[in-house]
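Observations on chain architecture
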Amino acid sequence: MQAVAFYQREFIDYLEKTLETKEPKNLYEPVTYILGLGGKRLRPVLTLMATELFDGNYRQALNAAMAVEVFHNFSLVHDDIMDGAPLRRGSQTVHEKWDINTGILSGDAMLINAYQLFESYDHDVFKELVQLFSKTAVAVCEGQQYDIDFETRDDVTIPEYLKMIEYKTAVLVACALKMGAIIAKTTLKNQESIYEFGRNLGIAFQIQDDYLDAFGDPKTFGKQVGGDIIENKKTFLYLKSLDRASQTQQKQLYDLFSITPDDPTSKIAAVKAIFNESGAVNATTKAIQEYTQKAFDALDEIELPEGRKAVFKAFGEDLMMRSV
């Protein structure tokens, strides 16, 4: 196993060599644009790493890793349209740079291209990859719909929220890892264990993202702290606060999450105070630790020497220590 940075370099090199703008340009320029905006490329890197963990060659997994990255970015293009987002990774979103129709059509082409990338694999591996990928793609759509539905609901439960972030975020991380295991042709037990590692780590990651949005360091977080509060998003922190708060605090939260003041400074401060006083902050950090431990427990189930799995343990630990 190499270090994570090695697989990042290899994937980015592969991405840059394969990116091309075909005709019609108005269909494919947005594709090369969004894929060229950067990012950590963690999902495709996990596919390469999982392949080598189970004694495969990471080069065998480059097309599958690219499929994960193309699908992820396709979902971002369509999410940005639904959210009316002007920026993605500090640059114009596709629908802002071109138009909504171009964003929809280019996103559709990306989804189809993701499936085409599996055609390089032999029949049995192709079948397993496509079945997993299709199941994951549907779950991501379901997660997005749950997220949209939650915007107009005041009765969202914590189990419902956990299901939403599992589908919207965690299953693609889990899929990326399991695809590497499938390509390496390891045992079904190992495939399921690496999937559970990714699924639980993905849930922990998203809960931590909720926490950092409210309590992250503005100098390192990379976006406005308190953004979820400004947008009245029902995050894990918010739901835990409602679950633990007094009736007075619950009413305050409901009232605060019904307004969008021009200057949100006092609203953010008031909401964060309730998050702290209700015990939601402690409950959230505990949940992050619990899901991270579940991920490591799944990693322990993989039938390989501990030294072989060390890079994944370090990856999970680094991810959970992030401040951005």
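Residues numbered from 1 in each chain as written. Predicted model: local features only at pLDDT ≥ 70, side-chain atom pairs only at ≥ 80, totals over all residues. Heavy atoms only, no water.

**A look at the layout of surface pockets**
Operational definition: Grid spacing is 1 Å over the protein atoms alone, the probe is 1.4 Å, and a cavity is where that probe fits but cannot get out, while a pocket is an open set with protein on both sides within 12 Å along at least five of seven lines and lining residues have an atom within 4 Å of a point. Grid points are joined across faces, edges and corners, and a volume is the space filled by probe spheres set on the points. Helix and strand assignments follow DSSP, with helices taken as H or I runs no shorter than four residues and strands as E runs no shorter than two, numbered in order from the N terminus. Amino acid classes used here: Ala, Val, Leu, Ile, Met, Phe, Trp, Tyr, Cys and Pro are nonpolar; Asp, Glu, Lys and Arg are charged; the rest, including Gly, are polar.
Empty space within the second largest pocket amounts to approximately 360 Å³. Thr18, Glu20, Lys22, Val31 and Asn113 are the residues nearest the centre of the second largest pocket, which is lined by 16 residues in total. Counting only elements with at least two residues in the lining of the second largest pocket, the list comes to helix 1 (4-18), helix 2 (25-35), helix 4 (62-83) and helix 6 (100-116). Grouping the amino acids of the lining of the second largest pocket by side-chain chemistry returns 10 nonpolar, four polar and two charged.

**Details of the packing of helix 4 against helix 8 (residues 158-183)**
Geometrically, a packed helix pair is captured by the angle between its two axes and the distance between the axes. Spelled out, the test is: Axis angles are defined between N-to-C directions and span 0 to 180 degrees, where every axis is a line fitted to C-alpha atoms and, for a helix, only to the segment in contact. Angle categories: roughly parallel below 35 degrees, roughly antiparallel above 145, roughly perpendicular from 65 to 115, and oblique for all the rest. Here is the rule for handedness: rotate from the far helix to the near one, and if that takes an anticlockwise turn smaller than a right angle the crossing is left-handed, while a clockwise turn gives right-handed. Residue contacts follow a heavy-atom distance rule, with two residues in contact if any of their heavy atoms lie within 4.5 Å.
The N-to-C vectors of helix 4 and helix 8 enclose an angle of 165°; their axes lie 10 Å apart at closest approach. Between helix 4 and helix 8, the angle falls in the class roughly antiparallel. Considering the relative orientation of helix 4 and helix 8, their crossing is right-handed. Facing helix 4, whose interface residues are Ala64, Val68, Phe71, His72 and Asp79, helix 8 presents Lys168, Leu172, Ala176, Met179 and Ile183. Partitioned by chemical class, the residues of the contact of helix 4 with helix 8 number seven nonpolar, one polar and two charged.

**Section: empty space enclosed by the protein**
On inspection of all chains with the given rule, the structure shows one cavity of 30 Å³ or more. Of the pockets and cavities examined, the largest cavity occupies roughly 40 Å³. Every residue lining the largest cavity is listed: Asp210, Asp213, Ala214, Asp228, Ile229, Lys233, Thr235, Leu237, Phe257 and Phe275. Residues of the lining of the largest cavity, tallied by class, amount to five nonpolar, one polar and four charged.

**Overview of the packing of aromatic side chains**
Short version of the rule: For this analysis, a ring pair means two rings from Phe, Tyr or Trp (six-membered ring only for Trp) whose centres lie within 6.5 Å, classed as stacked if their planes differ by under 30 degrees, edge-to-face if by over 60, and tilted for the remaining angles. The cut-offs for exposure are 20% and 50% of the maximum accessible area for each residue type, with area from a 1.4 Å probe on protein chains only; residues under the lower value are buried, those over the upper are exposed, and the others partly exposed.
Throughout the structure, instances matching the rule amount to 14 aromatic pairs. Judged by centre distance (4.3 Å) and plane angle (35°), the ring pair of Tyr238 and Phe257 falls under tilted. With Tyr238 in helix 12 (residues 236-244) and Phe257 in the loop between helix 13 (247-256) and helix 14 (265-277), the pair connects residues that are 19 residues apart, well separated along the chain. On the basis of relative accessibility, which here comes to 3%, the residue Tyr238 falls in the buried class. Members of the aromatic cluster, connected to one another through ring pairs, are Phe71, Phe74, Tyr115, Phe118 and Phe133.

**Observations regarding the nonpolar core**
Put simply, the test is: The definition of a nonpolar core used throughout is a set of buried Ala, Val, Leu, Ile, Met, Phe, Trp, Tyr and Cys residues joined through side-chain atoms within 4.5 Å.
By size, the foremost hydrophobic cluster in this structure holds 102 residues, and its most contacted members are Phe118, Met179, Ile194, Phe197, Ile207 and Phe312. The element contributing the most residues to this core is helix 8, with 17 residues. Ignoring any residue separated from it by four or fewer positions in sequence, one finds Phe118 in contact with Ala64, Ala67, Phe126, Leu129, Val130, Phe133 and Met179.

**Observations concerning the environment of Glu142**
When you line up the elements, Glu142 lands in helix 7 (residues 123-150). Looking at Glu142, the relative accessible area reads 37%, which means it is partly exposed. Residues Glu142 and Lys168 lie 26 residues apart in sequence; the distance between their C-alpha atoms is 7.4 Å.

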